[in-house]
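Single-letter residue listing:
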Amino acid sequence: MRAPPSELPITIDGVSVRSGGVIILERISLVLTPGAPTVLIGPNGSGKTSLIRLAMGLIPPTTGRIAWGGYGATEGRRRAIVFQRPVMLRRSVAGNIAFALRGGAIAPPAPQDRVAALLDLVGLAALGRRPARRLSGGEQQRLALARALARDPEILFLDEPTANLDPAATKAVEDVVAKVAAAGVKIVLATHDLGEARRLAGDVIFMVAGRILEHRPAKDFFTRPVTPEAQRFLNGDLVI
Amino acid sequence: MVNGMQDGVSAFDLILGGDPALYAIIKLSLTVSVSATLLASAVGLPLGALLALVRFPGRAVMVVVLNAFMGLPPVVVGLGMYLLLSRSGPLGFLGLLFTPQAMIFAQAVLVMPIVAALTRQTVEDLWVEYRDELTAMRIGPTARVAALLWDARFSLVTTLLAGFGRAAAEVGTVMIVGGNIDGFTRTMTTAIALETSKGDLPLAVGLGIVLIALIIVVNAAAALARRIGELHAG
């Protein structure tokens, strides 16, 4: 039996996205391959979220092409996303994961050992029966991670997963992300937190005004930024 | 004033004394209204959800019509059902006119637009919230409908109560298609109308008290169920 085609590499070739005459992304060319986490950084409105949604297949390019390994935009089943403000379904913590495992179908029931393993992975094993909407912000983010991982993704997009979380909750989320990355899942994470980028990134994509200004290994980017915008951003200056 | 008080006392005597005629009417009324609400929900819930999720030519007109039909005049529905079910009508061969089944179908026609229109609004609001997550999870159309209906279940209880309230309080439709036949198709509302016109106020008042009490009990039970459900499911 042949193995199913891979979602990777994701090849974005000269893609621009416009909405109502406004340029959201401009001439983006990028190849996302398996390996260490790719972190998107840049000021607010730089296009990080839009690039993640584009790569996830949630928004179409206005011009240019995008390919997901052997799949089309709506075909792949092994890419997943955690939104900045994930919506908790109105069911229990375990019920949220079971829903994702079943792909929304009512039957057959989700395998309980898989639900338990995912709860354990994100540190929510003790909260399986709690209503998901009653979790704290950090716990909801970890549940969203578990729900995304239920799809057994090859690539996981994370849009500002620790925005508005306190340091303890941030660490809990980052620990899960690091574990998942170590298990071989490609992580693409958007953040405006430079500390988080330093802790997690294998390579960095620096964006301003819908364009990629730099895409380099994290160590090089943080020690020797090339563009003046990146230098100013790393110095903590305002980049508009 | 004195007569009114006497009627009230007699009404309570009928209720507490377990008057068989009174309880037969109550039983039939509940059977008809609950069955009609269930039947209307079986059509109205999925129809409302589909209208919320699917875009097609004429959808806006359909939504307007559905909303307008929430205010369908019961006597007009009764007349329409009468024409359908009468011996010379297209469904006359079923022999349903002046039966409880006809009353159930007629009330279901009355209630269905309420259930469908309120469901559409509820599900559409929830879809705005869930769209990104369900799309990203690649949840198919049928599973989306099921998920949205399930997750909106506590709001939809109110929708079903609105439908049940409409059915339970309705008199014109069941009077026309049921015929208000004693011991067979006489419901609380038709009996109240009849007994009032005959001047038998104790029975009319007793039925009125029971009708209002039932509606309060059903709503209280639903509110309690909703509260407990929200506590456990969020």
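Everything quoted here is computed from the prediction, not taken from an experiment. (Residues numbered from 1 in each chain as written. Chains lettered and ligands numbered in written order. Predicted model: local features only at pLDDT ≥ 70, side-chain atom pairs only at ≥ 80, totals over all residues.)

### Here we look at the overall build of chain B
- Scanning chain B from terminus to terminus reveals ten helices and zero strands.
- Sequence-ordered secondary structure for chain B, helices as α and strands as β, is α-α-α-α-α-α-α-α-α-α.
- Reported as C-alpha extents along the three principal axes, the dimensions of chain B are approximately 70 × 50 × 25 Å.
- Counting across all 234 residues of chain B, residues that qualify as buried make up 38%.
- A sequence separation of at least 24 residues applies to 79% of the contacts in chain B between residues at least 6 apart. (Helix = DSSP H or I, 4+ residues; strand = E, 2+ residues; numbered from the N terminus. Buried ≥ 20, exposed ≤ 12 C-beta atoms within 10 Å, placed from the backbone. Contact = placed C-beta atoms within 7 Å.)

### Some words on the interface of chain A and chain B
- With 21 residues of chain A in contact, the opposing surface of chain B contributes 18 residues.
- Across the side of chain A that touches chain B, the residue classes tally to 13 nonpolar, three polar and five charged. (Nonpolar A, V, L, I, M, F, W, Y, C, P; charged D, E, K, R; others polar.)

### Concerning helix α5 (residues 167-182) of chain A
All names here are of chain A.
- Taking 1.5 Å as the rise per residue, α5 with 16 residues should run 22 Å; its terminal C-alpha atoms sit 22 Å apart, in good agreement.
- Buried residues of α5: Thr170, Ala172, Val173, Val177 and Val180, and no others. The arc that holds the buried residues of α5, viewed along the axis, is 165 degrees, so those residues lie on one side. Turned more than 90 degrees from where α5 packs its buried face, Pro167, Ala168, Lys179 and Ala182 sit exposed.
- In this structure, the buried residues of α5 make contact with α4 (137-149), β6 (155-159), β7 (186-190) and α6 (194-200).
- Just downstream of α5, Gly184 is the residue with a positive phi angle, here 105 degrees. (Expected span 1.5 Å × (residues − 1). Arc of directions from axis to C-beta.)

### A look at the sheet that holds strand β4 (residues 63-68) of chain A
Residues and elements named next belong to chain A.
- Here three strands make up an open sheet; going across it, the order is β2-β1-β4 and the pairing antiparallel. The open sheet has two edge strands with one neighbour each: β2 (22-32) and β4. Mean inter-strand twist for the sheet, computed between neighbouring axes without regard to direction, equals 20 degrees.
- The strands touched by helix α1 (residues 48-56) within the sheet are β1 (10-19), β2 and β4, with β2 carrying the most contacts at an inclination of about 55 degrees. (Pairing = 2+ DSSP bridges. Axes fitted to C-alpha atoms, helices over the stretch in contact; angles between N-to-C directions.)

### Things to note about the confidence of the model for chain B
All names here are of chain B.
- On average, residues of chain B score 90 in pLDDT, and 94% of them are at 70 or above.
- Least confident of the elements in chain B is helix α1 (residues 2-16), whose mean pLDDT is 64; most confident is helix α5 (residues 100-136), at 96.
- Across the whole predicted complex the pTM is 0.83, and at the interface the ipTM reaches 0.87. (pLDDT = per-residue confidence, 0-100.)

### Structural notes on the pairing of strand β3 (residues 38-41) of chain A
Residue and element names in this part refer to chain A.
- Covered by surrounding structure in β3 are Thr38 and Leu40 together with Val39 and Ile41, the residues of both alternating faces.
- Here β3 runs beside β7; their pairing, made up of three bridges, is parallel. Among the inter-strand pairings, Leu40 is bridged to a residue of β7, identified as Ala190.

### A few points about the environment of Arg133 of chain A
All names here are of chain A.
- Inspection of the secondary structure puts Arg133 in the loop between α3 (112-121) and α4.
- Residue classification places Arg133 among the partly exposed residues on the basis of 16 C-beta atoms within 10 Å.
- Separated by 119 residues in sequence, Arg133 and Gly14 have C-alpha atoms that sit 40 Å apart.

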